[in-house]
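Results of the structural survey
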Amino acid sequence: MSQVVSQETLNAVELASRLAAGSLRSEALVQACLEHIAASDEAVQAWAHLDPDYALQQARERDDYRGKGLPLGPLHGLPVGLKDIIDTTDFPTENGTPLDAGRRPRRDATLVARLRAAGAVILGKTVTTELAFYSTGKTRNPHDPERTPGGSSSGSAAAVASGQVPLAVGTQTNGSVIRPASFCGVVGYKPTHGLISRHGLLSQSPPLDTVGVFSRTVDDAALLVDVIAGYDPGDPDTRPSAAPHLLETAQSAP
């Protein structure tokens, strides 16, 4: 792990820069995340589905791709956690309920396809409250396991707060991004309705459902949103307009 200063303290923008320059390998970063999860998740319980071998396989593929000198996406080699109401073909998507145990979607959600195209490593699926509603999941607040992490995107917020992954995606219908972000002490960004496609996600209330993100810094949130935002014909609430350049805006702010 000598390549990784600390995946718990370096932000995603810094990690992405090191990965693109070749001074850090995705395999080393993902391995460091997995080791930290193994050491800390018994207390935090942030993950619904993890496949360490598959995560490392994705990372090696990203490293091989970079080694060939091919064009890199903005998230190349960065691990990302996904709330377990977001469809993925290579992980179960069980919506936090026994009713969907073993459910295997045949298509990725639009935002997942965009993450893969940007070079991200899908580290695993994070815990959601049952059906993204009120029934709590197993996740605990990483700062005090006797306290709630907030919901419904509890696993995504707790995984970032505990340094297990630099970036995670959640959703909000009624406070489900901003609440766990606040409870866990991380950046939570709930964007304008329709900025990020919800195609391939569990639907609660279409006029209110919104995809959001968790990170350690505002710049990191902007980096992630710049990748997954934009028009999608699969979601009628998105619009065919230019996606914002949030990272550029954040970095130029006084």
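Keep in mind that what you see is a predicted model, and the values were worked out from it rather than measured. (Residues numbered from 1 in each chain as written. Predicted model: local features only at pLDDT ≥ 70, side-chain atom pairs only at ≥ 80, totals over all residues. Heavy atoms only, no water.)

For the rest of this paragraph, the subject is the environment of glutamate 94. Note on placement: glutamate 94 falls in the loop between strand E2 (79-83) and helix H4 (110-117). A C-alpha to C-alpha distance of 27 Å links glutamate 94 and glutamate 61, two positions 33 residues apart in sequence. Glutamate 94 has contacts with His49, Asp84, Asp100, Ala101, Gly102 and Arg103, leaving out every residue within four places of it along the chain. Of note is the side chain of glutamate 94, whose polar atom sits 2.6 Å from the backbone nitrogen of glycine 102. (Helix = DSSP H or I, 4+ residues; strand = E, 2+ residues; numbered from the N terminus. Contact = heavy atoms within 4.5 Å. Polar contact = N/O pair within 3.5 Å; in protein donor to acceptor, adjacent residues only side chain to side chain.)

Its location among the elements puts glutamine 164 in the loop between helix H5 (154-161) and strand E4 (167-172). Within polar-contact distance, the side chain of glutamine 164 engages the side chain of tryptophan 47 at 2.7 Å.

With that settled, the discussion passes to the side chain of serine 197. Along the chain, the position of serine 197 falls in the loop between strand E5 (187-189) and strand E6 (210-215). Reaching out from serine 197, the side chain makes a polar contact with the backbone nitrogen of histidine 199 at a distance of 3.1 Å. A polar contact of 2.5 Å, which involves the side chain of serine 197, links it to the side chain of aspartate 232. With near-sequence residues (within four places) excluded, serine 197 lies in contact with Thr110, Leu111, Val211, Gly230, Asp232, Asp235 and Thr238.

Attention now moves to the packing of aromatic side chains. In the structure shown here, the tally under the stated rule is two aromatic pairs. Their ring planes at 55° and their centres at 4.5 Å tell us that phenylalanine 133 and tyrosine 134 sit as a pair that is tilted. Taking the relative accessible area as the measure of exposure, tyrosine 134 reaches 61% and is therefore exposed. (Phe/Tyr/Trp six-rings, centres within 6.5 Å; stacked < 30°, edge-to-face > 60°. Buried < 20%, exposed > 50% of the residue type's maximum accessible area, 1.4 Å probe, protein only.)

What follows covers the pairing of E4. With six of six residues buried, E4 lies mostly within the body of the structure. Alternating residues of E4 divide into Leu167, Val169 and Thr171 and Ala168, Gly170 and Gln172, and every residue in both groups is buried. Pairing of E2 with E4 involves three bridges; the strand directions are parallel. Within the sheet, the bridge partner assigned to valine 80 lies in E4 and is leucine 167. Sheet topology places E4 next to E6; five bridges connect them, and they run antiparallel. (Pairing = 2+ DSSP bridges.)

Core analysis: the biggest nonpolar cluster contains 62 residues, and Leu75, Leu78, Leu82, Ile86, Leu111, Leu115 and Leu123 have the highest contact counts within it. Each residue touching isoleucine 86, except ones within four places of it in the same chain, is listed here: Thr93, Ala109, Leu111, Val112, Lys125, Val169, Gly200 and Leu201. (Core = buried A, V, L, I, M, F, W, Y, C linked by side-chain atoms within 4.5 Å.)

Let us now look at helix H2 (residues 26-44). The largest bend along H2 measures about 45° and falls at alanine 38. Ser26, Ala28, Leu29, Val30, Ala32, Cys33, Leu34, His36, Ile37, Ser40, Asp41 and Val44 are the residues of H2 that are buried. Tucked into the core, H2 has its buried residues touching helix H1 (12-21), strand E1 (47-50), helix H3 (52-67), E2, strand E3 (121-126) and H5. Within two residues after H2, glutamine 45 carries a phi angle of roughly 60°, on the positive side. (Bend = angle between axes of the 7 residues up to and from the residue.)

Those residues of H4 lying buried are Thr110, Leu111, Val112 and Leu115. Residues of H4 that are buried sit in contact with E2, E3, E4, E6 and helix H7 (218-228). Phi turns positive, to about 95°, at glycine 119, one or two residues after H4.

This next bit is on the sheet that holds E4. Read across the sheet, six strands follow the order E1-E3-E2-E4-E6-E5 without closing on themselves; strand pairing throughout is mixed. Strands at the two margins of the open sheet, each flanked by one partner only, are E1 and E5. Here the average twist between neighbouring strands, direction ignored, is 30°. Two elements, E5 and E6, share three bridges in a ladder whose sense is antiparallel. (Axes fitted to C-alpha atoms, helices over the stretch in contact; angles between N-to-C directions.)

Another point: the state of the cysteines. Inspection of the entire model under this criterion finds zero disulfides. The cysteine cysteine 33 is free of any disulfide, with cysteine 184 supplying the nearest cysteine sulfur at 17 Å. In this structure cysteine 33 comes out as buried when scored by relative accessible area, which is 0%. Given the relative accessible area of 1%, cysteine 184 is considered buried. (Disulfide = S-S within 2.5 Å.)

Direction vectors running N to C along H2 and H3 enclose 160°, while the axes themselves pass 8 Å from each other. Relative to H3, the element H2 is oriented roughly antiparallel. The two elements H2 and H3 cross, and the hand of that crossing is right-handed. Residues Ser26, Glu27, Val30, Gln31 and Leu34 of H2 lie in contact with H3, whose contacting residues are Pro52, Ala55, Leu56, Ala59, Arg60, Arg62 and Asp63. (Parallel < 35°, antiparallel > 145°, perpendicular 65-115°, else oblique. Left-handed = near helix turned anticlockwise from the far one by under 90°.)

The analysis is restricted to geometry; functional conclusions fall outside its scope.
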